[in-house]
Amino acid sequence: MAVTSPAPVAPAVPSGARPRRRTAGPSRPAPRTATAVITLSLIAAAFAIPLISMLEFSLRTADGHGLDHWIALFSPETAGRYSVIWTGLGNSLILALVTVAIVLLLLAPTMLLVTLRFPRLRRTMELLCLLPLSLPAIVLVVGLVPIYLGIGRSLGTGAWTLAFAYGVTVIPYAYRAIQSNIDAVDVVTLSEAARTLGAGWLSVVLRVLVPNLRRGLLAACLISVAVVLGEFTIASLLNRSTLQTALFVVNKQDPYAAVILSLLSLAFAYVLLVLIGRVGGPRRGPRRRRDRATS
Amino acid sequence: MSTLTASAPSTGLTVRTVSKSFGRTTVLHDFDLEIRPGEMISLLGPSGCGKTTALRIIAGLESPDGGQVFLGDRDVVSVPTNRRDLGMVFQSYSLFPHLDVAANTAFGLGMRRVDAAERRTRTAEALRLVGLEAHAERYPHELSGGQQQRVALARALVTEPRLLLLDEPLSALDAKVRVQLRDQIRQIQLRLGITTVFVTHDQEEALAVSDRIAVMNEGRVEQFDTPERLYRTPATSAVAAFIGTSLRVPVTVRDNTALLFGLAVALQAPRADGEATVLVRPENVIVVQAEPNATVLSSSFLGATRRTLLRTDEGLELIMQHGAEQTLDAEQRVSVSVRPEPVLAV
């Protein structure tokens, strides 16, 4: 009895269509210049005052201010006195490198694998990666002690072995940095597109995914380096010498040297940040000549 | 030195009894398809009918649970995607954001280790083919959606693949750009003679660009035929319902004819006598000079045509699509009949 018309006239806008660009939301009034200047000045002061105070403290001498403590730190005569610092710094840099290697060669590929091949495991992986955040360092050390007894017997007691523990402690931070970048890039479609164009998995990762995940990977590296350079509890309780444990020792002998080295480590972190901003920033507009782009 | 030409190598595609399930859901049931070299076919069907899964299996992006996929004479089921020598354009914009248009286009040539000079020549030719040679140094974020899909098309064609796969490449574009790009894709396909599989849920798109269309429903091919035959002689009610608009009219069948508004109309396929429902296209409903048997409910102007809603004296509601010059007013009494085209009984 019923007569139907299942497919009426096509709508003017296709159902599958979506707007190419997001429309702007309701406009908000920009903060007044004076408000912005005051806010930024307060924030800058919050950062600058401790640093300036440290610098001022490091320049104090018996008769005023000077570079005596800075010169003493780097002079050959006092090299033996501060050798523990250089040993600790060297160990920390090695630890930073190994930890970064763990992040780049173990964590990042695992995250890509989960995203591309096992998306159902993502929640589990996220839970596992964020778990170390809920563990206080002291609890972690209690668990790590028997493991490090085994590591000591098999791999020795070198400071670099701390990287295994640091690899665990940096995972939550590195995971968030990389995952937010993965979420912002359609890695599945990009990798499928590259595959259909003839790229093997190695080419997909190195020529397509890594360049597009550069910011997340570099941010993860920065966070890892910062965590490693600033970590004290695990190194101290596992009886390893790092920059922080060395600073603690030196601070008892010479508080000026400890402050100078703290300033230098902050400067090092700042330089890393600038490098990441330069290297990992988005490319705006054509930079390369066409012949380079196609070669 | 090589450029994109009509002599680009093309090949036929045969899909045999391919099946695929995701968990307990079977997406493809014994899916078969045979495409001739140089032919452009569409996989058409509603969302979830398995058309994209079928395309991804052809591309090697999904593994079938069973069946074979022949590219030419070779079964490629176990061949990885990157060795199938195909080009693919995706629904979502898939250009590499870190590469400019030229580098995106040349990507496949780089993977094939084509030397730099030839790469430049072929890239320029591919971009000229899609009308974007002036945009070679732009980055994807500097292009419109239509331009990005044209670059994706150039990137897929530059390697002169044996098979071109298009996975709803127009669905993210606005209506006007869709039609332009759709026509451009067809022109390029005809010019290059490349075997092409086009997935879409838009019947108008499929009808406009395809040599043949495979209408899919619940993981099966309902009918694989030319657009005209699909429209005029749909094999199943699902095809009739999906291609164009069909009115379901209850009739009595006798001697393989149906009595419609006093007119004996032949059935497309033999059927036993008795009650049945036939499918009638709105353009086959007409108004004739005779005793009125229906009332006009409303009439809409659609440009070249009008669409008029009628109710017969028996209470049936009908849609009639007719020329814009024929005007009918609401409440007007008319005599409705149908053109004597064979109808499908369901």
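Residue numbers here run from 1 along each chain, matching the order of that chain's written sequence. The order in which chains are written sets their letters, starting at A; the order in which ligands are written sets their numbers, starting at 1. Predicted model: local features are reported for residues with pLDDT of at least 70 only, side-chain atom pairs are reported and counted for 80 or more only, and whole-chain, interface and lining totals are derived from all residues. Side-chain descriptors were evaluated using all non-hydrogen atoms of the structure, hydrogens and water having been removed beforehand.

Looking at an unreviewed UniProt entry, one finds chain B named ABC-type quaternary amine transporter and attributed to Mycetocola reblochoni.

Going by an unreviewed UniProt entry, chain A carries the name ABC transporter permease subunit and comes from Mycetocola reblochoni. UniProt positions are given in the numbering used here, feature names are shortened, and annotations may be inferred rather than shown by experiment. Regarding chain A, the relevant UniProt record gives this comment under Subcellular location (unreviewed entry): "Cell membrane". The UniProt entry for chain A carries the following text under Sequence similarities (unreviewed entry): "Belongs to the binding-protein-dependent transport system permease family."

Draft legend 1. Molecular detail of the overall build of chain B. Numbering of helices and strands runs from the N terminus, with a helix taken as a DSSP run of H or I at least four residues long and a strand as a DSSP run of E at least two residues long. Helices and strands together make up the secondary structure of chain B, namely 8 helices and 20 strands. Its C-alpha atoms give chain B principal-axis dimensions of roughly 80 × 45 × 35 Å. For chain B, the residues scored as buried account for 53% of the 346 residues in total. Across chain B, the fraction of contacts at a sequence separation of at least 24, relative to all contacts at a separation of at least 6, is 67%. Buried residues are those whose accessible area, probed at 1.4 Å on protein chains only, stays under 20% of the maximum for their type, while exposed residues exceed 50% and partly exposed ones sit between those limits. What makes two residues a contact is simply this: any of their non-hydrogen atoms within 4.5 Å.

Draft legend 2. Up close: the overall build of chain A. The helix and strand inventory of chain A stands at 13 helices and 2 strands. Looking at chain A as a whole, 36% of its 295 residues qualify as buried. Restricting the contact set of chain A to residue pairs at least 6 apart, pairs at least 24 apart contribute 74%. Residue burial considers only the protein chains on display, and all accessible areas are found by Shrake-Rupley using a 1.4 Å probe. Accessible area for chain A stands at about 17300 Å²; split by element, carbon and sulfur atoms hold 67% of it.

Draft legend 3. Quick look at the sheet that holds strand E17 (residues 305–312) of chain B. Residue and element names in this part refer to chain B. Ordered in space as E15-E19-E16-E17-E18, the 5 strands form an open sheet in which the pairing is antiparallel. What marks the edges here is a single partner per strand, and that holds for strand E15 (285–288) and strand E18 (317–323). Taking the axes of each pair of neighbouring strands and ignoring which way they run, one obtains an average angle of 45° across the sheet. The pairing criterion is simple: DSSP has to find at least two bridges between the two strands. Sheet topology places strand E16 (residues 294–301) next to E17; 7 bridges connect them, and they run antiparallel. Directly across from Phe 301, in E17, lies its bridge partner Arg 306. Structural elements are reduced to axes, namely lines fitted to C-alpha atoms, with helices fitted over the stretch in contact, and the angle between N-to-C directions of any two is expressed from 0 to 180 degrees.

Draft legend 4. Expanded view of the packing of aromatic side chains. Stacked, edge-to-face and tilted labels apply to pairs of Phe, Tyr and Trp rings (six-membered ring for Trp) whose centres lie within 6.5 Å, assigned for plane angles under 30 degrees, over 60, and everything in between, in that order. Per the stated rule, a full pass over the model turns up 5 aromatic pairs over all chains. Between the aromatic rings of A:Phe232 and A:Phe248, the centroid separation amounts to 5.5 Å while the plane-to-plane angle is 50°, which identifies the pairing as tilted. You can see A:Phe232 sitting in the loop between helix H9 (214–230) and helix H10 (233–237) and its partner A:Phe248 sitting in helix H11 (residues 243–253), a full 16 residues away along the chain. Definition used: whenever NZ (Lys) or CZ (Arg) falls within 6 Å of the ring centre and also within 35 degrees of the ring normal, the charge is taken to sit over that ring. Positioned above the aromatic ring of B:Phe96, the side-chain terminus of B:Arg155 is 4.6 Å from the ring centre.

Draft legend 5. Focus on the environment of A:Gly200. Relative to the helices and strands, A:Gly200 is located in the loop between helix H7 (187–196) and helix H8 (201–212). In this structure, A:Gly200 is in contact with A:Arg195 and B:Asn82, ignoring residues within four places of it in sequence.

Draft legend 6. Layout of the pairing of strand E4 (residues 66–71) of chain B. Residue and element names in this part refer to chain B. Summarising the sheet, strand E1 (residues 13–22) and E4 pair through 5 bridges and their orientation is antiparallel. Opposite Ser 19, over in E4, you have Gly 66 as the bridge partner. The pairing of E4 with strand E5 (residues 74–75) spans 2 bridges and is classified as antiparallel. Each residue of the ladder has a partner; that of Phe 70, found in E5, is Asp 75.

Draft legend 7. Just the confidence of the model for chain B, in detail. Model confidence for chain B is summarised by a mean pLDDT of 91, while 97% of its residues fall at 70 or above. Under the prediction, the complex receives an ipTM of 0.83, its pTM being 0.77. Values of pLDDT, which run from 0 to 100, indicate the predictor's confidence residue by residue.

Draft legend 8. Structural context of the side chain of B:Ser210. Residues and elements named next belong to chain B. By the element assignment, Ser 210 lies in the loop between helix H6 (203–209) and strand E9 (212–217). What qualifies as a polar contact is a pair of N or O atoms within 3.5 Å, subject to a donor-acceptor requirement within protein and to the restriction that residues adjacent in sequence count only when both atoms come from side chains. Of the polar contacts made by the side chain of Ser 210, one reaches the backbone oxygen of Ala 206; its length is 2.6 Å. If sequence neighbours within four positions are ignored, Ser 210 has contacts with Met 40, Ile 41, Ser 42, Arg 186 and Pro 227.

Draft legend 9. View of the pattern of salt bridges. A carboxyl oxygen of Asp or Glu within 4 Å of a side-chain nitrogen of Lys or Arg is what we treat as a salt bridge. Here the structure, examined in full by the defined rule, presents 21 salt bridges over all chains. In this structure, B:Arg122 engages B:Glu118 in a salt bridge whose closest nitrogen and oxygen atoms are separated by 3.1 Å. Of this pair, B:Arg122 and B:Glu118 are both found in helix H3 (residues 116–129), 4 residues apart, which corresponds to roughly one turn of the helix. Both residues of the pair, B:Arg122 and B:Glu118, belong to the buried class. One salt bridge connects B:Arg333 with B:Asp313, and the closest N-O pair in it is separated by 2.9 Å. Placement of B:Arg333 in strand E19 (residues 333–338) and of B:Asp313 in the loop between E17 and E18 is noted, with a sequence separation of 20 residues between them. In the salt-bridge network here, residues are joined through shared partners; they are A:Arg123, A:Glu126 and A:Arg176.

Draft legend 10. Seen up close, the UniProt feature "transmembrane region" (unreviewed entry) in chain A. Residues and elements named next belong to chain A. The UniProt feature table records "transmembrane region" (unreviewed entry) at residues 30–52, 93–116, 128–151, 157–175, 217–238 and 258–280. For residues 30–52, the end-to-end C-alpha separation is 32 Å, with 87% helix and 0% strand making up the annotated structure. Taken end to end, residues 217–238 is 86% helix and 0% strand, and its two terminal C-alpha atoms sit 29 Å from one another.

Draft legend 11. Main features of the UniProt feature "domain: ABC transporter" (unreviewed entry) in chain B. The sites that UniProt annotates as "domain: ABC transporter" (unreviewed entry) are residues 13–243 of chain B. Along residues 13–243 of chain B the backbone is 36% helical and 26% strand, and the end-to-end C-alpha distance reaches 25 Å.

Draft legend 12. Broad picture of H7(A). Residues and elements named next belong to chain A. Within H7, 9 of the 10 residues are buried, leaving the element largely enclosed by the surrounding structure. By the burial criterion, the buried members of H7 are Val 187, Thr 189, Leu 190, Ser 191, Glu 192, Ala 193, Ala 194, Arg 195 and Thr 196. Taken from the residues just after H7, Gly 198 is the one with a positive phi, measuring 105°.

Draft legend 13. Highlighting the sheet that holds strand E6 (residues 86–89) of chain B. All names here are of chain B. The mixed open sheet is built from 6 strands, whose spatial order is E6-E7-E8-E3-E9-E10. Edge positions in the open sheet fall to E6 and strand E10 (220–225), since each of these has one partner strand only. If you compare each strand with its neighbour and ignore which way they point, the axes differ by 15° on average. Note that strand E3 (residues 40–44) and strand E8 (residues 195–200) share 5 bridges and pair parallel. Residue pairing for E8: Leu 43 is matched across the bridge by Val 199.

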